[in-house]
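Structural overview
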Amino acid sequence: MKTDGHWVDPFHPAPPAAEIFATTLILVDADTLSMRAFSMPTKATTDYAVAAVIEFMAHLNLERAALKCDGEPAIKSIAKLVKEKRTKPTDLEEGSLKDSASMGGVESPIRWWQAKVRTYRYDLERRYGLLLTADSEIWCWLTRYAAWATTTYRVRADGKSAHQVAFGLTYSGAIMPFGETALFKVPMSHTRQIKKDVKANKGESTFVRGIWVGKHAASDDHLFLTPGGWHRARTVRRLEPLKRCDLQLLKRVKGAPWEARSARPIEESKLPVTPQLVVPTASEARILAAPMAPSAAPVTPTSNSTLDAARTGSESATSESRGVPKSPKPNQAQQSAMLATQAQG
């Protein structure tokens, strides 16, 4: 057990805001070199840290185990609580403080893990065009995924991975690039029941966009982050290449590993918005009720026939203004004579 975190001021009781998740609890199994990494906001002993150690030992099916720490008070406190809460025999050992050689062969996978953290970080920054620091919740999942990849894919000196040595077979699950935007299917029953008192409507899609942050160590589920928290899924779908890096979604996601998993991953932008009734004030009501000035009257669109009639009227008005005599209109007697002449013809 080790902590790997470098603060700007090591004597400060809390890390600066930009490195709030820089402290990482690292667990390495000396026999298989399997490892876990958990970023935490503080070095204080928490239930999450104790449960993470016990779960890692249960995942490897360890019976009697010895916990060896590097002598830091925070790590020693976690080890004591693990020994008290673990039902199987647990021994405590202590290495030399600030002496990595006293920890045995666990330093090699830790150095490989650090290199993977940098690699995944720089790759994510290149694809999204942003700077990733330890104040983001993505950082917690980055360190966790780098430890999972170290256990799964790092080849030991005997030509086998830690996963193969621990479980007897190589890993064959599907993965994606860390931090990729993808679709995942919300797990639910045939009645569209997600959990108790949470049911999806038939009009809602069963796939939701999220940020892929790794695989679950116990169930091998895919892990995703959304604006509503983190989620697990068995079915995933990749998007088109140009849609696999949604920067706006990456900035809005939240959910730390120690927080409760959200059951209904609906994006905030898709939630229904209730329209608000705007009631005008007394002064605004008087302004709206007042008659509109001619200059402020709205201009209505006119058709082509209206424009032709207006043009004809303007031409006749112009002729009258110039003194051009207008032909007199025939009276009723003249019209009757004209009609009789046409009939005889």
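Residues numbered from 1 in each chain as written. Predicted model: local features only at pLDDT ≥ 70, side-chain atom pairs only at ≥ 80, totals over all residues. Heavy atoms only, no water.

**Details of the overall build of the protein chain**
For the protein chain, the helix and strand inventory stands at 9 helices and 12 strands. Out of the 345 residues belonging to the protein chain, those deemed buried represent 35%. Counting contacts in the protein chain only where the partners sit at least 6 residues apart, residues at least 24 apart contribute 65% of the total. Just so you have it, the protein chain exposes about 21200 Å², and 56% of that area is on carbon and sulfur atoms. (Helix = DSSP H or I, 4+ residues; strand = E, 2+ residues; numbered from the N terminus. Buried < 20%, exposed > 50% of the residue type's maximum accessible area, 1.4 Å probe, protein only. Contact = heavy atoms within 4.5 Å. Areas by Shrake-Rupley, 256 points an atom, 1.4 Å probe, with all protein chains shown as cover.)

**Remarks on the sheet that holds strand E9 (residues 207–215)**
As summarised here, the arrangement of the 5 strands in space is E11-E10-E9-E6-E12, forming an open sheet in which the pairing is antiparallel. Sheet topology places strand E11 (229–233) and strand E12 (236–238) at the edges, where each strand pairs with a single neighbour. Here the average twist between neighbouring strands, direction ignored, is 45 degrees. Alignment of strand E6 (residues 181–185) against E12, held across 3 bridges, turns out to be antiparallel. From the neighbouring strand, Ala-182 faces E12, where its bridge partner is Arg-238. Sheet strands touched by helix H4 (residues 137–153): E9, strand E10 (222–226) and E11. Its angle to E9, the strand with the most contacts, is close to 55 degrees. (Pairing = 2+ DSSP bridges. Axes fitted to C-alpha atoms, helices over the stretch in contact; angles between N-to-C directions.)

**Overview of the packing of helix H1 (residues 47–59) against helix H2 (residues 73–85)**
Contact geometry for H1 and H2: axes closest at 9 Å, N-to-C directions at 60 degrees. With respect to H2, the axis of H1 lies oblique. In this structure, the crossing between H1 and H2 has a hand that is right-handed. Note on element contacts: H2 touches H1 through Ile-78, Leu-81, Val-82 and Lys-85, opposite Asp-47, Ala-49, Val-50, Val-53, Ile-54 and Met-57. (Parallel < 35°, antiparallel > 145°, perpendicular 65-115°, else oblique. Left-handed = near helix turned anticlockwise from the far one by under 90°.)

**Considerations on H4**
Along an α-helix, residues three or four positions apart point the same way, because every turn accommodates 3.6 residues. The end-to-end C-alpha distance of H4 is 25 Å, a good match for the 24 Å that 17 residues give at a rise of 1.5 Å each. Taken across its 17 residues, H4 has 14 buried, putting it largely inside the fold. N-cap assignment for H4: the residue whose side-chain oxygen lies 3.2 Å from the backbone N of Ile-138 is Ser-136. (Expected span 1.5 Å × (residues − 1). Polar contact = N/O pair within 3.5 Å; in protein donor to acceptor, adjacent residues only side chain to side chain.)

**A look at the nonpolar core**
Taken as a class, soluble globular proteins show a tendency for nonpolar side chains to be buried jointly. If you look at the biggest cluster of nonpolar residues, it comprises 45 residues, and the most contacted ones within it are Trp-113, Ile-138, Phe-178, Ile-211 and Leu-225. Top contributing element to this core by residue count: H4, with 10 residues. Residues contacting Ile-138, with those up to four places away along its chain left out, are Leu-124, Leu-132, Phe-178, Leu-225, Leu-250 and Val-253. Core analysis: the second largest hydrophobic core is formed by 18 residues, Phe-38, Met-40, Phe-56 and Ile-78 among them. (Core = buried A, V, L, I, M, F, W, Y, C linked by side-chain atoms within 4.5 Å.)

**Thoughts on empty space enclosed by the protein**
Summed over all chains, the structure comprises 1 cavity of 30 Å³ or more. The space that makes up the largest cavity amounts to roughly 100 Å³. Along its surface, the largest cavity is lined by Arg-36, Ala-37, Phe-38, Arg-144, Tyr-145, Ala-147, Trp-148, Val-213, Gly-214, Lys-215, Ala-217 and Leu-223. Every element with two or more residues in the lining of the largest cavity is listed here: strand E3 (35–40), H4 and E9. For the lining of the largest cavity, the leading source of residues is H4, giving 4 residues. (1 Å grid on protein atoms, 1.4 Å probe; cavity = no way out; pocket = protein on both sides within 12 Å on 5 of 7 lines; lining within 4 Å. Points joined across faces, edges and corners; volume = space filled by probe spheres on them.)

**Some points on the confidence of the model for the protein chain**
In the predicted model, the protein chain carries a mean pLDDT of 77, and the fraction of residues at 70 or more is 62%. Confidence, expressed as mean pLDDT per element, reaches its minimum in the protein chain at helix H8 (residues 304–321) with 50 and its maximum at E12 with 95. Taken together, the stretch residues 267–275 has pLDDT below 50 and engages in 7 contacts with residues farther than four places along the chain or on a different chain. pLDDT under 50 marks residues 317–322. Its contacts with residues more than four places away, or in other chains, come to 2 contacts. (pLDDT = per-residue confidence, 0-100.)

**Regarding the environment of Lys-116**
Its place among the elements puts Lys-116 in helix H3 (residues 107–128). Note: C-alpha distance between Lys-116 and Tyr-145 (29 residues apart in sequence) is 9.2 Å.

**Topic: unusual backbone geometry**
A positive phi angle, close to 60 degrees, is found at Asn-61, a residue other than glycine. Within the fold, Asn-61 resides in the loop between H1 and strand E4 (65–69). The exposure class assigned to Asn-61 is exposed, which follows from its relative accessible area of 56%.

**Overview of the pattern of salt bridges**
One pass over the full model with this rule turns up 13 salt bridges. Its salt-bridge partner being Asp-123, residue Arg-126 comes within 3.1 Å of it at the nearest N-O pair. On the criterion of helical spacing, the pair formed by Arg-126 and Asp-123 is a turn pair, its members being 3 residues apart in helix H3. For Asp-123, a relative accessible area of 26% translates into the label partly exposed. Two residues, Arg-232 and Asp-221, come together in a salt bridge whose shortest N-O distance is 3.0 Å. On the criterion of sequence distance, the pair formed by Arg-232 in strand E11 and Asp-221 in the loop between E9 and E10 is long-range, its members being 11 residues apart. Owing to a relative accessible area of 9%, Asp-221 belongs among the buried residues under this scheme. (Salt bridge = Lys/Arg side-chain N within 4 Å of Asp/Glu carboxyl O.)

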